[in-house]
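Chain and residue survey
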There are 2 protein chains.
Amino acid sequence: MPQLALIRHGQSEWNLQNRFTGWVDVDLTDEGVAQARQSGELLAKAGFEPTHAFVSVLKRAIKTLNFTLEGLDRLWIPVDKSWRLNERHYGALAGLDKNETRAKHGDEQVKIWRRSFDTPPPPVATDHAYHPLNDHRYADVPRELLPASESLKSTLDRVEPYWSSSIQPRLAAGETLIVAAHGNSLRALVKLLFKVSDPDIMEVEVPTGNPLLIDLEDDGITLRSARYLDPVRAKPLPPLPGA
Amino acid sequence: MPQLALIRHGQSEWNLQNRFTGWVDVDLTDEGVAQARQSGELLAKAGFEPTHAFVSVLKRAIKTLNFTLEGLDRLWIPVDKSWRLNERHYGALAGLDKNETRAKHGDEQVKIWRRSFDTPPPPVATDHAYHPLNDHRYADVPRELLPASESLKSTLDRVEPYWSSSIQPRLAAGETLIVAAHGNSLRALVKLLFKVSDPDIMEVEVPTGNPLLIDLEDDGITLRSARYLDPVRAKPLPPLPGA
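Chain A appears in UniProt as 2,3-bisphosphoglycerate-dependent phosphoglycerate mutase from Maricaulis maris. UniProt, in its Subunit section for chain A, records the words "Homodimer."

Spelled out as structure tokens, the structure:
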């Protein structure tokens, strides 16, 4: 029976500073490391034995995955890294303090940028350090695919091809997979897995350091069950498709 | 210009206990972690920017690589893991204390097992926990390739195909690569790179936590220079081929 564990990275330095992060490669805090280790323990207790892992190219997710695999004693499994699992790119908001941004642009505007489905924040300038063109980890990504800013919709649109080409086929082959990523890229995977509508996905929030363990039928598409391994820190999940 | 850094894992728990390790998946000691972090610092100071990494499927090497990449702020590069970079398999000696083994089998016999080119130690029993057949990380490796014991020669013979098919072509393409592995699998790579004879390779020892940085010509084969980044803890290197 195919299984999939989705893990959101632990607390990052900019989570702590309440700043928009996106593709900026900030590190985990000590609390974030502890959350990542806890993910490993929770999954080990659940008898979870992944055969393949997927992660973004941002260290807060990579380190979360490394600590989790260490807790599972499965550092040896193959790990595929892809920019397509990165957090949503917050454009010109990246690095800004969220409260300052509200004071500057108003609550409503910031809410639209943060919570609307298809309105991206203002783009980051092409010569800005936070533009992906200026980060050599994206040197092999076709220029036209590199975002200067993303809405949730455009984030979904670049996660979906990776889901269909790299992750989903392994589930259909019966593998047990683990994905370590970010709030919005995980939202995209939840939308695909649970077949959530555009408006409803806005309400889904995957908590940090609390693995979402999903059992699937042998077709690797039909969900059999889904649960957060720490019920205390769980958040509401969409209904299973067809439930 | 292609570059290659070879790194031997930091001190392991069984290094400390003076026990034959081989394929047994023991962890790093705190000292080993510090050595791994030092590798990252030394390579960062040398301006080393790897684009691809290779490592065995043993955690002492994987964790050494993770700490090194963290020190280089390049956790995002692709990492290929292969059993072919594992340490030499010490057969029935695995887990035994080296002094007890000498007392039991005599200095000469143990020296033959450890230092001869093509005499393997006695094989581990097929039903023993240390036989690779009983470790699910090797489930996808053809049974006939899984060793019950290895000499240096048989270790070389299974490292070489991985060198030619996975590592060397990337050097020829001009990439900058990093390999984290073990005493004997690194000896195999040094033998291939420096074209060392069978008898002479027995004298080559790659120190732990001290990166061997090799510059190559554009063909990815001809060595231009090779040096240990910490000269104080360096060990003698074979002459550059053709020097």
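**Focus: the overall build of chain A**
Along chain A, the regular secondary structure elements total eight helices and six strands. In chain A, the succession of α and β elements from N to C terminus is β-α-α-β-α-β-α-α-α-β-α-α-β-β. Computed over C-alpha atoms, the radius of gyration of chain A comes to 17 Å, within 12% of the 18 Å expected from 2.2 N^0.38 for 243 residues, which places it in the range of a compact globule. For chain A, the residues scored as buried account for 57% of the 243 residues in total.

**Regarding empty space enclosed by the protein**
Overall, the coordinates contain one cavity of 30 Å³ or more when judged by the stated rule. The calculated volume of the largest cavity comes to roughly 100 Å³. Together, A:Ile62, A:Asn66, A:Leu69, A:Leu75, A:Val79, A:Lys81, B:Ile62, B:Leu65, B:Asn66, B:Leu69, B:Val79 and B:Lys81 line the largest cavity. Contributing elements (two or more residues each) for the lining of the largest cavity: α3 (59-72) and β3 (79-81) of chain A together with α3 (59-71) and β3 (79-81) of chain B.

**A short note on the sheet that holds strand β5 (residues 212-216) of chain A**
All names here are of chain A. Taken in spatial order, the six strands of this open sheet run β3-β2-β4-β1-β5-β6, and their pairing is mixed. Two strands in the sheet have a free side with no partner beyond their single neighbour: β3 and β6 (223-228). Here the average twist between neighbouring strands, direction ignored, is 15°. Two elements, strand β2 (residues 52-55) and β3, share three bridges in a ladder whose sense is parallel. Each residue of the ladder has a partner; that of Phe54, found in β3, is Asp80. Packing of helix α7 (residues 183-194) onto the sheet brings it into contact with β1 (3-8), β4 (176-181), β5 and β6, and relative to β1 it is tilted by some 150°.

Rules used in this analysis
- Residues numbered from 1 in each chain as written.
- Chains lettered and ligands numbered in written order.
- Predicted model: local features only at pLDDT ≥ 70, side-chain atom pairs only at ≥ 80, totals over all residues.
- Heavy atoms only, no water.
- UniProt positions renumbered as here; feature names shortened; annotations may be inferred.
- Helix = DSSP H or I, 4+ residues; strand = E, 2+ residues; numbered from the N terminus.
- Rg over C-alpha atoms; globule rule 2.2 N^0.38 Å.
- Buried < 20%, exposed > 50% of the residue type's maximum accessible area, 1.4 Å probe, protein only.
- 1 Å grid on protein atoms, 1.4 Å probe; cavity = no way out; pocket = protein on both sides within 12 Å on 5 of 7 lines; lining within 4 Å.
- Points joined across faces, edges and corners; volume = space filled by probe spheres on them.
- Pairing = 2+ DSSP bridges.
- Axes fitted to C-alpha atoms, helices over the stretch in contact; angles between N-to-C directions.
- Contact = heavy atoms within 4.5 Å.

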